[in-house]
Amino acid sequence: MFSKAIKEVKHSIFPLFNTSAKNTGVLGTGFFIDEEGHFLTAAHVINALPKGSKLGYLGNIPHSKFIGKKFIPIEILAKDDDKDLAYGKLKEDILPPLMLSDRNPDIGESISLCGYPLPMIVKSKSGETNNSLDVTAVRQYWQPTIMMDSVRKDFLYKKKFHSFLTQHAALPGMSGGPIFNLQSEVVGVISANWTRRIPRPNGVNLNVENGIGIDLTEVNAFLENILKLRS
């Protein structure tokens, strides 16, 4: 169902690395929104940057070429912790931008989560990857799902933004990734999960976990405020 949309989206998302002399890891996912190198991710992804580390970019993993490549610095231009959104820019190796949808998804509509939840980073033996690290095993992950419900501000974990629930949960590393429809248009941004425990007579509780997406109206308001500040 999503094969056509994934063919487009897969070339526009990227992992945000944290890099230091001692450690390298994947914090979350970002995606480009224009041809000037501006991208979106989740604010909590940026806030999770370990002390002494820097944000790094290696392009469209696993579709990039890594021979002789070094981490490209990432510039964060704006961040709103209340909306859990961050806006940044890259000056080189810019990927094709994704289009924002002109409407929110309907309840029951097919949508998909995506990102980088499998940050398998090992020491390279070939010397062809950055700083002798092999990141070619860092893989994209696709989770088709449906939009389940709209959620008002301050309801889930007292989050101060409008959101919506997805049937399937996001995995760690997918935060900041786009939620997209069958037309490969962005309808939200992955933020978190909502877990509930349902007691059962046999004593084995049932855990139910759904994804939380940042509502498109919040994304548009965030971007409009940035444009006002820049003008």
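For the structure, check the block above.
Residues numbered from 1 in each chain as written. Predicted model: local features only at pLDDT ≥ 70, side-chain atom pairs only at ≥ 80, totals over all residues. Heavy atoms only, no water.

Caption draft 1: Focus on the sheet that holds strand β3 (residues 38-41). In space, the seven strands of this open sheet follow the order β5-β4-β1-β2-β3-β7-β6, with antiparallel pairing throughout. Looking at the sheet topology across the chains shown, the edges are occupied by β5 (72-73) and β6 (75-80). Sheet topology places strand β4 (residues 54-57) next to β5; two bridges connect them, and they run antiparallel. From the neighbouring strand, Gly56 faces β5, where its bridge partner is Pro73. Of the strands in this sheet, β3, β6 and β7 (85-89) touch helix α3 (residues 216-230), which is tilted by about 50° from β7. (Pairing = 2+ DSSP bridges. Helix = DSSP H or I, 4+ residues; strand = E, 2+ residues; numbered from the N terminus. Contact = heavy atoms within 4.5 Å. Axes fitted to C-alpha atoms, helices over the stretch in contact; angles between N-to-C directions.)

Caption draft 2: Inspection of the nonpolar core at higher detail. Counting 30 residues, the largest nonpolar core has Phe31, Leu40, Tyr87, Phe222 and Leu223 as the members making the most contacts within it. Looking at this core, the elements with two or more residues in it are α1 (3-9), β1 (13-19), β2 (24-32), β7, β8 (110-118), β14 (186-198) and α3. At four residues, α3 tops the list of elements feeding residues into this core. Apart from the residues lying within four places of it in its own chain, the contact partners of Tyr87 are Ile33, His38, Phe39, Leu40, Ile76, Leu77, Ala78, Phe222, Leu223, Ile226 and Arg230. One finds Leu27, Ile46, Tyr57 and Leu90 within the second-largest nonpolar core, a separate group that totals 15 residues. (Core = buried A, V, L, I, M, F, W, Y, C linked by side-chain atoms within 4.5 Å. Buried < 20%, exposed > 50% of the residue type's maximum accessible area, 1.4 Å probe, protein only.)

Caption draft 3: Local environment of the packing of aromatic side chains. Under the defined criterion, the tally for this structure stands at eight aromatic pairs. Ring geometry for Phe2 and Phe180: centres 5.9 Å apart, planes at 90°, overall edge-to-face. With Phe2 in the segment before α1 and Phe180 in strand β13 (residues 178-180), the pair connects residues that are 178 residues apart, well separated along the chain. The pair formed by Phe2 and Phe180 is uniform in burial state, with each residue classed as buried. (Phe/Tyr/Trp six-rings, centres within 6.5 Å; stacked < 30°, edge-to-face > 60°.)

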